[in-house]
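Structure at a glance
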Amino acid sequence: MLRTHTCGELRKSHVGETVTLTGWVQRVRDKGGMLWIDLRDKFGLTQLVFEEGKTQEDVLKQARKAGREFVLSVTGKVSERYAKNDKLPTGDIEVVVETYSCLNESKVPPFIIEDETDGGEDLRMKYRYLDLRRNPVRKGLELRHKIMSETRSYLNEQMFMEVETPYLIKSTPEGARDFVVPSRIHHGEFYALPQSPQTFKQLLMVSGFDRYYQIVRCFRDEDFRADRQPEFSQIDCEMSFVTREDVVEIFEGLIRRLFLKTRNVDLGTFPHMSYDEAMKSYGNDRPDLRFEMKFSELNHLTQGKGFNVFDSAELVVGINATGCAEYTRKQVDALTDWVKRPQIGAKGLVYVKYNSDGTLKSSVDKFYSEEDLKAWANEFGAKPGDLMLILAGEANATRKALSELRLHMGNELGLRDKNVFKPVWIFDFPLVEWDEETKRYHAIHHPFTSPHKDDVHLLETEPGAARANAYDVVINGSEIGGGSIRIHSRDLQNKMFDLLGFSKEEAQKQFGFLLDAFEYGAPPHGGIAFGLDRLCAILGGSDSIRDFMAFPKNNSGRDLMIDTPSAIDQEQLKELGLKITS
C-alpha cells in the first residue's frame with residue numbers, strides 16, 4: 001500500500017508515530033508562516049501542517065502549489081493539535097509533514113466537493129465521478145452496500161440460494177414496455193432486457209431449487225417520472241411448498257433485520273390490511289400509517305338536504321384535521337385551490353370548523369343545521385379545535401383526491417417524520433381489472449398470480465370480483481415490495497391467459513416454455529420482489545432513489561456523464577440489419 005493509515009483513522013493514541021497518508025486536497029489555508037492542508041479520502045479527513053523554518057523549504061514550496069482535488073502522498077509525524085476540532089473524528093491530531101509528493105494535479109472542479117455543494121443536479125450528474133467524492137453521496141452507497149450485504153446474509157441463513165438469470169430474454173406484451181436488443185446474427189429478431197426474472201425464478205422452482213434469490217438489475221421502458229429510473233434493482237425471491245403466510249413470515253423477518261442493522265429500529269410485527277380496507281380508509285393501496293386521518297363516509301348524513309353537490313354525488317367523504325379549526329379563511333381557500341388543481345381533480349372543498357367553544361361553522365351552513373353538523377362531527381370523531389374537510393363526486397376519483405389531500409395535510413402538519421417507520425402488509429387485491437380502451441381484462445400484478453383459493457370459480461362468472469393471492473409490503477406510504485402465490489397448474493394458467501385475451505397460439509408462443517414446464521411436476525410456489533433503490537431511500541431518509549445509485553439517469557432518462565442514449569453509426573446499424581428513417 002502507498003499509505004500506512006487512512007485519513008479517518010488517526011487518533012491521540014497515534015501521537016509520535018510516523019505515518020504516510022494519501023488522498024485528495026479538500027482545502028488549503030495559507031497564513032504565510034503556516035500552511036494547512038485538509039487531506040480527504042473515503043474514510044475521513046486529516047489536517048496536514050507545514051511551517052516555515054521547520055518544514056523543508058522544497059516541501060513547503062511544493063505544498064503551496066496544491067489546489068482543490070490534487071492527489072497527494074505525504075509522510076510525517078502525528079502531533080496533538082493545539083486548536084482541536086470536536087466535529088472531526090481526527091480533530092485531536094494533525095500530521096506535521098516531512099515528505100510530500102503530488103501524485104496527480106486537478107483542474108478546478110466545477111462545483112464544491114463538500115457536504116453542502118453549489119452544484120446543481122444536472123451539473124453534478126455530468127461530473128458524477130466528482131459528486132461521488134462527497135460524503136452524503138458516498139454514505140448513500142455505503143448504506144446500499146450494507147443493505148445488500150445484510151440481505152444476502154439473512155437469505156443465506158434461511159437456506160436460499162443465489163442464482164443468476166439471463167439478461168437477454170424474450171419480449172412479452174404484458175406489463176410495461178420492454179427495452180429491446182437487436183440480434184446481429186439473426187436479423188429481424190430481438191432480445192428484450194428483463195422487467196423482472198419472473199418466469200425464470202418460477203422455472204427454478206419447477207427445477208427443485210426450493211428457495212432462490214437474486215439481487216438483480218431490471219429494465220422498463222416507461223414514461224419518465226421524477227423518481228423513476230429506466231434501470232433499477234430488485235431483491236428477487238421465490239420459494240416452493242409455501243403458503244402466503246410462509247412468505248410473509250420469512251420476508252417480514254428480512255425487512256425487520258434490515259431496519260435493525262442499518263437504523264437500529266425495531267419495526268415490531270407488521271399489521272395486516274385488506275385492499276378494500278386500505279381503499280375505504282385511506283383512498284389508496286399504499287397507506288401512510290404514520291398519522292391517522294382515516295376517511296369518514298357521509299352519504300347517509302349529507303344527502304337529501306337540498307345541497308345538489310352532495311345529493312348528486314356517488315360518494316361524500318372526508319377527513320378530520322386535528323387542531324386545525326383555527327385555520328384562516330385564506331388557509332382554507334388555499335386548500336380549496338390545491339384540491340382543484342388538475343393533478344388532484346376535485347371540483348371543490350367543503351369545510352366544517354369545530355370551534356373551541358363547541359360551536360360548528362361550515363361552508364354549507366345554508367343547507368345544514370348545527371345538529372346536522374354535530375352528527376358529521378360524531379362520524380369523524382372530531383373534537384373542539386378540529387377542522388373537517390369533505391369532498392364529493394364519483395367514488396374512485398374522490399377517494400384518490402382525498403388521499404392526496406390527506407397526505408398534503410400530513411406534510412403541512414409535520415406528521416410524516418422520516419425517522420418514524422410504519423409498515424403494513426396489504427392483502428386481497430383484485431386479480432384483474434377491466435380496461436375500457438382495450439375491452440379486455442388486465443392482470444393487476446402479472447398473469448402468473450394465483451387467484452385466491454375461494455375465488456377460482458369467479459374466473460368464469462365474475463372475474464372482476466376475484467381476489468388475487470397476492471401481497472404488498474408498504475412502509476410510510478411507499479410500496480417497497482410485492483409478490484404472490486403463483487399459478488402452478490397448466491390448466492389454471494391457460495384459464496388466466498384466456499381471461500386476459502390471449503389466444504391459445506399467442507399463449508403458447510409467448511409462454512409455452514412455462515406451460516410445458518408445468519406438466520412436469522411443478523410444485524406450489526410463491527415469492528416476492530423488493531425495490532432495492534426505494535428501500536435504500538426509505539432507510540436513508542431521502543425522497544430520491546438517485547441518492548443511492550452510483551450512476552443514475554436524470555428525469556429524462558439520460559446519462560449526462562456519458563451522454564446516452566445516443567446515435568450509433570451506420571456500419572453498426574447495417575450489421576444489425578436495421579435502418580433508421582427520419
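This text gives an overview of the structure that appears in the document. (Residues numbered from 1 in each chain as written. Predicted model: local features only at pLDDT ≥ 70, side-chain atom pairs only at ≥ 80, totals over all residues. Heavy atoms only, no water.)

1. Considerations on the sheet that holds strand β16 (residues 387-393)
The test is simple: We treat two strands as partners when DSSP finds at least two bridges between them. The secondary structure listing takes helices from DSSP runs of H or I that are at least 4 residues long and strands from runs of E that are at least 2 residues long, numbered from the N terminus.
The sheet built from five strands is open, its strands ordered β12-β13-β16-β14-β15 with antiparallel pairing. Bordering the open sheet on either side are β12 (296-297) and β15 (360-362), each of which pairs with just one other strand. Sheet topology places strand β14 (residues 350-354) next to β15; three bridges connect them, and they run antiparallel. Residue pairing across strands places valine 352 opposite serine 362, the latter belonging to β15.

2. Observations concerning the side chain of glutamine 229
Just so we agree on the cut-off: Polar contact criterion, stated in full: a pair of N or O atoms within 3.5 Å, where within protein one must be able to donate a hydrogen and the other to accept it, and residues adjacent in sequence count only if both atoms are side-chain atoms. The contact rule is simple, with two residues in contact once any of their heavy atoms fall within 4.5 Å.
With respect to the helices, strands and loops of the structure, glutamine 229 is situated in the loop between β9 (211-219) and β10 (231-240). Here lysine 553 takes part through its backbone nitrogen, which lies 2.7 Å from a polar atom of the side chain of glutamine 229. Excluding anything up to four places from it in sequence, glutamine 229 contacts Ile545, Arg546, Met549, Pro552, Lys553 and Asn554.

3. Description of the pattern of salt bridges
Spelled out, the test is: Salt bridges, as used here, are contacts in which a Lys or Arg side-chain nitrogen is within 4 Å of a carboxyl oxygen on Asp or Glu. The rule is simple: take the accessible area with a 1.4 Å probe, protein chains only, and divide by the maximum for that residue type; under 20% is buried, over 50% is exposed, in between is partly exposed.
Applying the stated criterion across every chain, the model contains 47 salt bridges. With a closest N to O distance of 2.8 Å, glutamate 142 and arginine 138 form a salt bridge. Remark: arginine 138 and glutamate 142 occur in helix α4 (residues 135-157); sequence separation between them is four residues, near one turn of the helix. Its relative accessible area of 14% is what places arginine 138 among the buried residues. Here aspartate 285 makes a salt bridge to arginine 286, at a shortest N to O gap of 3.5 Å.

4. Let's talk about the environment of threonine 20
Secondary-structure assignment places threonine 20 in strand β1 (residues 18-30). A relative accessible area of 15% means that threonine 20 is categorised as buried. Here the alpha-carbon distance between threonine 20 and glutamate 98, two residues 78 residues apart in the chain, equals 9.9 Å. Setting aside its immediate chain neighbours within four residues, threonine 20 contacts Leu2, Arg3, Thr4, His5, Ser73, Val74 and Thr75. Among the polar contacts listed, one links the side chain of threonine 20 to the side chain of threonine 75, at a separation of 2.9 Å.

5. With respect to the nonpolar core
So the rule is basically this: Think of a nonpolar core as a cluster: buried Ala, Val, Leu, Ile, Met, Phe, Trp, Tyr and Cys residues, connected wherever their side-chain atoms sit within 4.5 Å.
Of all hydrophobic cores here, the largest spans 40 residues; its most connected members are Phe251, Ile255, Phe259, Phe530 and Leu535. It is helix α6 (residues 244-263) that provides the largest number of residues to this core, a total of eight residues. Setting aside chain neighbours within four positions, we find phenylalanine 530 in contact with Ser233, Gln234, Ile235, Phe251, Leu254, Ile255, Val473, Ile480 and Gly481. Ranked by size, the runner-up nonpolar core spans 34 residues in total, among them Val424, Ala470, Ala507 and Phe511.

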